[in-house]
Amino acid sequence: MTTQKSNKMKSLRYLPILLVAIVAMSFLNKKSSPFSRINTNLLAGNYEVTNGEYGQFLENLKNNNHLDEHKKHSVKEDQWVNKLNTGFNSAMADKYFTHPAYAKYPVVNISLESAKAYCVWKTEVYHNDPKREYKKVLFRLPTETEWQELAAPVLGNSLPWRGTDPYKEDKKGRLFSRTNIKVKNYSDNSYNYIFDGGFYPVHIGDYDPNQNGLYDVIGNVAEMTADGTLKGGSWDNEISECAIDKKQTWTTPDPRAGFRMVMEIIEK
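Residues numbered from 1 in each chain as written. Predicted model: local features only at pLDDT ≥ 70, side-chain atom pairs only at ≥ 80, totals over all residues. Heavy atoms only, no water.

### Side note on the overall build of the protein
Next, step 1: Scanning the protein from terminus to terminus reveals 7 helices and 11 strands.
Next, step 2: Each of the 268 residues in the protein was classed as buried or not, and the buried ones make up 43%.
Next, step 3: Counting contacts in the protein only where the partners sit at least 6 residues apart, residues at least 24 apart contribute 65% of the total. (Helix = DSSP H or I, 4+ residues; strand = E, 2+ residues; numbered from the N terminus. Buried < 20%, exposed > 50% of the residue type's maximum accessible area, 1.4 Å probe, protein only. Contact = heavy atoms within 4.5 Å.)

Dropping the structure here:
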């Protein structure tokens, strides 16, 4: 084999690795900013808080010997079985929060109090960073009114896109899901949970963002607000239940409920 051909074969051998690296860098660049501006003094997290992020909070409590707080704010994994009647829920209880493969999936099965405690901790972490952008901020849950603003429904509609379909169609007639929800089959009144590519919660940011640059505002997991309401619907909701003006009625902790933070700028 000639040297030129040998070098070409080596290049082809490493091409898949190179492509993976390029895709990974593209993913990171596209999603590098964690917050988007909603108004002058309010930014919203681009993503729902993940298992990995919440796990850091619990690890901090444990490392600082705040064992009572650690127990209080632990993920109630048994709710996968206690509150759901479908699917492989025992497997989700065993793996969803603890397995590294789910690190970038939204945290669920925590209480409203625990979500607020995470925000307090996140505020402290931010203020301990000498390179922070703002002098003083407050991480917290959005109010219901703020949530409706960050959700950015299209003018005259109750969703962040035109129409009420949970999917979009390309020029070739192929359908692509806009969000992670369940879709009803009216011929037999059954539900399709995997039309969107996920049976339960999915990896954050898998669908198109809304006009504010926020991902998964509709579906994936319903999001807690400071008022105690749940907004946006989850993987276990139909699209009609996910409209911006609707609320979900489960009590937390619940495998369908997570949260997104806002960052209020107190002092620049």
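### A short note on the confidence of the model for the protein
When pLDDT drops low, the exact placement of atoms in the prediction is not to be read closely.
Next, step 1: Summary statistics for the protein give a mean pLDDT of 88 and a share of 87% for residues scoring 70 or more.
Next, step 2: Residue range residues 1-31 is modelled with pLDDT below 50. Its contacts to residues more than four positions away, or to other chains, number 9 contacts. (pLDDT = per-residue confidence, 0-100.)

### Concerning the sheet that holds strand E1 (residues 35-39)
Next, step 1: Ordered in space as E1-E2-E11-E3, the 4 strands form an open sheet in which the pairing is antiparallel. The open sheet is flanked by E1 and strand E3 (136-140), the only strands paired with a single partner. Strand after strand, the sheet turns through a mean of 30 degrees between neighbouring axes, direction not considered.
Next, step 2: Sheet topology note: the E3/strand E11 (residues 262-267) ladder contains 5 bridges and is antiparallel. From the neighbouring strand, Lys136 faces E11, where its bridge partner is Glu267.
Next, step 3: This element, helix H6 (residues 112-127), spans E3 and E11 of the sheet and lies at about 155 degrees to E3.
Next, step 4: Where helix H7 (residues 144-151) meets the sheet, its contacts fall on E1, strand E2 (42-45), E3 and E11, and the angle it forms with E1 comes to roughly 110 degrees. (Pairing = 2+ DSSP bridges. Axes fitted to C-alpha atoms, helices over the stretch in contact; angles between N-to-C directions.)

### Structural notes on the pairing of E2
Both faces of the sheet carry side chains from a regular strand, because those side chains alternate between them.
Next, step 1: Two elements, E1 and E2, share 4 bridges in a ladder whose sense is antiparallel. From the neighbouring strand, Asn39 faces E2, where its bridge partner is Leu42.
Next, step 2: Counting the residues between successive antiparallel strands, the hairpin from E1 to E2 contains 2 residues.
Next, step 3: Pairing analysis gives 3 bridges linking E2 to E11, with the strands arranged antiparallel. The residue of E11 that forms the bridge with Ala44 is Val262.

### Examining the sheet that holds strand E9 (residues 230-231)
Next, step 1: Spatially, 3 strands are ordered E9-E8-E10 in an open sheet, and the strand pairing comes out mixed. Among the strands making up the open sheet, the edge pair consists of E9 and strand E10 (257-258).
Next, step 2: Where strand E8 (residues 222-224) meets E9, 2 bridges bridge the pair, whose relative direction is antiparallel. Bridge pairing in E9 links Glu223 to Lys231.

### A short note on unusual backbone geometry
Next, step 1: Here the bond from Thr252 into Pro253 is cis, since omega is 0 degrees, no more than 30 degrees from zero.
Next, step 2: Within the element layout of this structure, Pro253 appears in the loop between E9 and E10.
Next, step 3: Notably, Asn109 is not glycine yet its phi reads approximately 65 degrees, a positive angle.
Next, step 4: Residue placement: Asn109 occurs in the loop between helix H5 (89-95) and H6.

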